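# Chains, contacts and geometry: an overview
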Amino acid sequence: MGKLAAFGGPAAVPRNRRRVDWPVIEDADRKAVIDALDGGRLVSNTDGTNPVSTLEEHWAHRFGFEHCVAVSTGTAALSLALAAIGIGPGDEVIVPALSFIATGLAPVHQMAVPVFADIDPVTFNLDPNDVERRITPRTAAIIPVHLHGAPADMDRLISIARKHSLAVVEDAAQAPGATHRGRSVGGIGDVGAFSLQTTKNIPTCGEGGLLVTSDAELAQSMRRGRQFGEVIESGRERDYVSYGLGWNHKMNAVQAAFTDAQLTRFDDYECARQRNITEFLARLAMLPGLQVPTARPETTHVWHILRFRFDPAAFDLDPVRSEALRSTLRRLLRAEGVPMSQYQLMPLPDQKVFVDRIGFGAGYPWSVIGTPEPVKDSDYPVTRTVIADSLTLQKRHLHPGSGDLLCRYADAFEKVWANADLVTTLVAAAS
Ligand SMILES: *Cc1c(COP(=O)(O)O)cnc(C)c1O
């Protein structure tokens, strides 16, 4: 049983092995960017083929989507999707209580009210039963998030949406390439939104987003929305007429060219990641009281973030000690060189913007629908429990060459678990 690094033992992950760069930037990416600069087609509203339209075409082709519209960010993508669907004042949009803040902000951008639903304790995605409980006559849409790369329960969510005539906008920011019953996520609901922000599985060199749909009219509407409400058509001169509300949410050519180059290596990277991560998780799954992420049988998981839950009972601790256990494990694992961190410090509904309802003008959009109940500590019990008893690994495992590093991470977990009695003592002493 090795001495823990926190107490002076040698770290399981040597210092000179810890650094991993993401995104992986190769000469092909540099060349793509330079070609975009030299190509003279630097904006997406130029006539004919340009780096942005090329990326749209390749993305749609690789993942089997009919229409793809490139935009400036994943957040802009979500807002544009809701706008195209016609979400507006007085509407409620159901979103998960565990997600990145952008999922909750997007409905507010359209003057609609986000209504949060609790999550499943294993997939960390929307709990369809709780979604159903929160439907009111004002509910207009659901945003399932494929959190951490795991597809949400689309069978049940789509059937709930059909039953209540709700639109479905998939937030697939963390899950490009993940599948549900063989279909790529993003293409299952009415619209799918992706992010190309540098930390995501298929990155750009900065910010970017993509929208996908099989509905030609929605695609048109989102194209207008990204371009001031104008219609830009090949072979027709720009007429500067705005046919509806629009923004300037266009993607630029450099970002598009970079992602297009990354996309050509995606399958190789994905293959290496699946191998590295499955081996890593298989080792960790042997440790008592450690819940590792899993892919449901009808899905493939793309492991954007790895979330581990820790069961206090396995350390002879009372459930109320889960946060103390989590922070002790965080300290011990970090000392070994495993960069465990939290992803989301609180449920989305506890974010100040939603608690204080700081939106537009005089309390809009919440004031449009009256006074919603304030959130209580007892609301969203699963989200709260998961946030309290789990830690995540981010980014480094995305690198296709991180198989060795993940082996060292597994050594670190095994070492800490071999010292379980000491962990229990430390947690008890922390009270
Ligand atoms: C990253 C992310 C977004 C927002 O994407 P940006 O490109 O950063 O605006 C939205 N939803 C989820 C779940 C994300 O992880």
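In what follows, the structure referred to is the one given above.
Residues numbered from 1 in each chain as written. Predicted model: local features only at pLDDT ≥ 70, side-chain atom pairs only at ≥ 80, totals over all residues. Heavy atoms only, no water.

Let us now look at the sheet that holds strand 13 (residues 390–394). What the three strands build is an open sheet, ordered 10-12-13; its pairing is antiparallel. What marks the edges here is a single partner per strand, and that holds for strand 10 (290–291) and strand 13. Sheet topology places strand 10 next to strand 12 (residues 305–310); two bridges connect them, and they run antiparallel. Paired with Leu290 across the two strands is Phe310, which belongs to strand 12. Strands in contact with helix 8 (residues 253–284) are strand 10, strand 12 and strand 13; relative to strand 12, the strand with the most contacts, it is inclined by about 5°. (Pairing = 2+ DSSP bridges. Helix = DSSP H or I, 4+ residues; strand = E, 2+ residues; numbered from the N terminus. Contact = heavy atoms within 4.5 Å. Axes fitted to C-alpha atoms, helices over the stretch in contact; angles between N-to-C directions.)

The next subject is unusual backbone geometry. In this structure, Pro23 follows Trp22 across a cis peptide bond, with omega equal to 0°. Relative to the helices and strands, Pro23 is located in the segment before helix 1 (27–39). Here the bond from Tyr364 into Pro365 is cis, since omega is 5°, no more than 30 degrees from zero. Positionally, Pro365 belongs in the loop between helix 10 (352–355) and helix 11 (381–389). With a phi angle near 65°, Met111 is a residue other than glycine that sits in the positive phi range. Mapped onto the fold, Met111 is located in the loop between helix 4 (101–109) and strand 3 (113–117).

The subject of this paragraph is the packing of aromatic side chains. All told, the structure shown has 13 aromatic pairs when counted by the stated rule. Their ring planes at 70° and their centres at 5.7 Å tell us that Phe63 and Phe266 sit as a pair that is edge-to-face. Of this pair, Phe63 sits in helix 2 (residues 51–63) while Phe266 sits in helix 8, placing them 203 residues apart in sequence. On the basis of relative accessible area, Phe266 is assigned to the buried category, the value being 3%. Through successive ring pairs, a cluster of aromatic residues spans Phe280, Phe308, Phe310, Phe315, Tyr409, Phe413 and Trp417. Above the plane of the ring of Phe100 lies Lys200, whose end atom (NZ or CZ) is 5.8 Å from the centre. Across the ring face of Phe124, the terminal group of Arg307 is positioned such that the distance to the ring centre comes to 5.6 Å. (Phe/Tyr/Trp six-rings, centres within 6.5 Å; stacked < 30°, edge-to-face > 60°. Buried < 20%, exposed > 50% of the residue type's maximum accessible area, 1.4 Å probe, protein only. Lys NZ or Arg CZ within 6 Å of the ring centre and 35° of its normal.)

As a further point, take the packing of helix 1 against helix 8. The contact between helix 1 and helix 8 brings their axes to 8 Å, and the two run at 150°. Every pair of crossing elements has a handedness; the one defined by helix 1 and helix 8 is right-handed. Between helix 1 and helix 8, the contacting residues are Ala28, Asp29, Ala32, Val33, Ala36 and Leu37 on the first element and Ala253, Val254, Ala257, Phe258, Ala261, Gln262 and Arg265 on the second. Residue classes in the contact of helix 1 with helix 8 are distributed as 10 nonpolar, one polar and two charged. (Left-handed = near helix turned anticlockwise from the far one by under 90°. Nonpolar A, V, L, I, M, F, W, Y, C, P; charged D, E, K, R; others polar.)

Moving on, we get to the state of the cysteines. Applying the stated criterion to the full structure yields zero disulfides. Unpaired in terms of disulfides, Cys68 finds its nearest cysteine sulfur in Cys205, a separation of 17 Å. A relative accessible area of 4% means that Cys68 is categorised as buried. Cysteine Cys407 remains unbridged, with the sulfur of Cys271 as its closest cysteine sulfur at 17 Å. Of the residues examined, Cys407 reaches a relative accessible area of 33% and is grouped as partly exposed. (Disulfide = S-S within 2.5 Å.)

Turning to the nonpolar core, a few remarks are in order. Ranked by internal contacts, the top residues of the largest apolar core, which has 71 residues, are Leu55, Trp59, Val131, Ile142, Leu210 and Leu211. The dominant element in this core, judged by the number of residues it contributes, is helix 3 (residues 74–85), at six residues. The residues touching Val131, leaving out its near neighbours within four places in the chain, are Ile94, Ala117, Leu126, Ile142, Leu157 and Ile160. Core analysis: the next-biggest nonpolar cluster, separate from the first, contains 37 residues, Ile277, Phe280, Trp303 and Val338 among them. (Core = buried A, V, L, I, M, F, W, Y, C linked by side-chain atoms within 4.5 Å.)

Purely spatial values, then, with no claim about function.
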